[in-house]
Amino acid sequence: MSLNPIHEKNLIFLKAVSGRSEAETEEVFNFHKKDLRLSLFDLLKPENLSKSELFEQFKTEKNQDKRIEILNFLMLHFCPNPRFKEIILALKQGKTPKIAPETAEKLYVFRRVPSKAEINLLFDSLNSEDIQLATVLLESLADFGPEIQYQLSYIMMMAESSDKSLAKAALMLIPKIPQGIEDAILLYKFALTDSDLRFTALNALQYSYNLNPEILFEMFRPILSEYERLCRSEGEMNSLWPEFNMIRNILSKNGGTGRIWKFDYKIGRK
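Residues numbered from 1 in each chain as written. Predicted model: local features only at pLDDT ≥ 70, side-chain atom pairs only at ≥ 80, totals over all residues. Heavy atoms only, no water.

Colleague: Can you walk me through the packing of helix H11 (residues 164–173) against helix H14 (residues 198–205) in this structure?
Modeller: A packed helix pair is summarised by two numbers, namely the angle formed by the two axes and the spacing between the axes. Direction vectors running N to C along H11 and H14 enclose 15°, while the axes themselves pass 8 Å from each other. Relative to H14, the element H11 lies roughly parallel. H14 is crossed by H11, and the crossing has right-handed handedness. Note on element contacts: H14 touches H11 through Thr200, Asn203 and Ala204, opposite Lys168, Leu171 and Met172. In terms of residue class, the contact of H11 with H14 is made up of three nonpolar, two polar and one charged. (Axes fitted to C-alpha atoms, helices over the stretch in contact; angles between N-to-C directions. Helix = DSSP H or I, 4+ residues; strand = E, 2+ residues; numbered from the N terminus. Parallel < 35°, antiparallel > 145°, perpendicular 65-115°, else oblique. Left-handed = near helix turned anticlockwise from the far one by under 90°. Contact = heavy atoms within 4.5 Å. Nonpolar A, V, L, I, M, F, W, Y, C, P; charged D, E, K, R; others polar.)

And the structure:
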């Protein structure tokens, strides 16, 4: 049976990116009544590993490395996921067969999010020694900020972990949660005083808007003072130049564009 031009393009695209056989791809495409979004999502799921089975394995498995592997498979049952985003990026870069622009736009915003019960299971299954697993989980949840908003206090606790990788993952996840940075602003103030976390905290604050610029400026004052000191001996392009640029960007997004000025290697308030 011949397809209309749009469906034909979509099927060509699916066959090129799904990694499955042509017969399987056509079967899934027809099953979903030629809906490209559902078809791609379905084709990228791990074969012979249902979501319920993976959740059960995630709960009962004791080995942390194996649990991370299970988690990576499990996240493919939600969308966006790493494989889905990789294909979307390739589509945007013109590295895949073309599809209609309106179809592509629908694909870009396609989501299948975990339920509250599923999110609870993921967090409740963590043990205190599962540092690496917790880090991977937080990184995996970056696209589901609204869904994990009620877990913010727990994620903030992780941001205070002595393990820097876990703390960094939490600091980068909080901006994806509605009102996350606002509620955790003191956490970022503390992180800015830690040389191991400072760059990550500034990177996370790039996502902030409508924060109080006075509060932000006071948070940044020690870094700015150190940058000023280095300017005198090393010039503007010193080791704190990246941080200085991030601070300027953060302030510009939060109504503080004129808070910092430079003249003769001096930094001050207008």
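Colleague: Would you take a moment to explain the packing of helix H6 (residues 82–92) against helix H7 (residues 101–108) for this structure?
Modeller: The interhelical angle for the contact between H6 and H7, taken along N-to-C directions, is 150°, at an axis separation of 11 Å. In terms of orientation, H6 lies roughly antiparallel with respect to H7. As H6 packs across H7, the resulting crossing turns out to be left-handed. Here Phe84, Ile88, Leu91 and Lys92 of H6 lie close against H7, whose contacting residues are Ala104, Leu107 and Tyr108. When its residues are assigned to classes, the contact of H6 with H7 shows six nonpolar, no polar and one charged.

Colleague: Help me understand the packing of aromatic side chains in this model?
Modeller: Where two aromatic rings form a pair, the distance of their centres and the angle of their planes describe that pair. Scanning all chains against the criterion turns up seven aromatic pairs. Over the aromatic face of phenylalanine 58 sits the side chain of arginine 67, whose NZ or CZ is 4.6 Å from the ring centroid. (Phe/Tyr/Trp six-rings, centres within 6.5 Å; stacked < 30°, edge-to-face > 60°. Lys NZ or Arg CZ within 6 Å of the ring centre and 35° of its normal.)

Colleague: Looking at this structure, how should I read the layout of surface pockets?
Modeller: Over the atoms, a rolled probe matching the size of one water molecule traces out where space is still vacant. For the largest pocket, the calculated volume is near 200 Å³. If you trace the largest pocket, you find it lined by Arg20, Glu24, Glu27, Val28, Phe31, His32, Asp42, Leu43, Lys45, Pro46 and Glu47. Those elements giving two or more residues to the lining of the largest pocket turn out to be helix H2 (22–31) and helix H3 (36–44). The dominant element in the lining of the largest pocket, judged by the number of residues it contributes, is H2, at four residues. For the lining of the largest pocket, the per-class residue count stands at four nonpolar, one polar and six charged. (1 Å grid on protein atoms, 1.4 Å probe; cavity = no way out; pocket = protein on both sides within 12 Å on 5 of 7 lines; lining within 4 Å. Points joined across faces, edges and corners; volume = space filled by probe spheres on them.)

Colleague: I tried to follow the pattern of salt bridges on my own but got confused; where do I start?
Modeller: A complete count under the given rule lists 16 salt bridges for this structure. Two residues, glutamate 22 and lysine 15, come together in a salt bridge whose shortest N-O distance is 3.8 Å. Among the residues examined, lysine 15 registers a relative accessible area of 26% and is labelled partly exposed. Between arginine 232 and glutamate 228 there is a salt bridge, and its shortest N-O distance comes to 3.0 Å. Of this pair, arginine 232 and glutamate 228 are both found in helix H15 (residues 213–234), four residues apart, which corresponds to roughly one turn of the helix. The class of arginine 232 is exposed, set by a relative accessible area of 54%. Salt bridges here are not isolated pairs; linked through shared partners, they connect Lys15, Glu22 and Glu26. (Salt bridge = Lys/Arg side-chain N within 4 Å of Asp/Glu carboxyl O. Buried < 20%, exposed > 50% of the residue type's maximum accessible area, 1.4 Å probe, protein only.)

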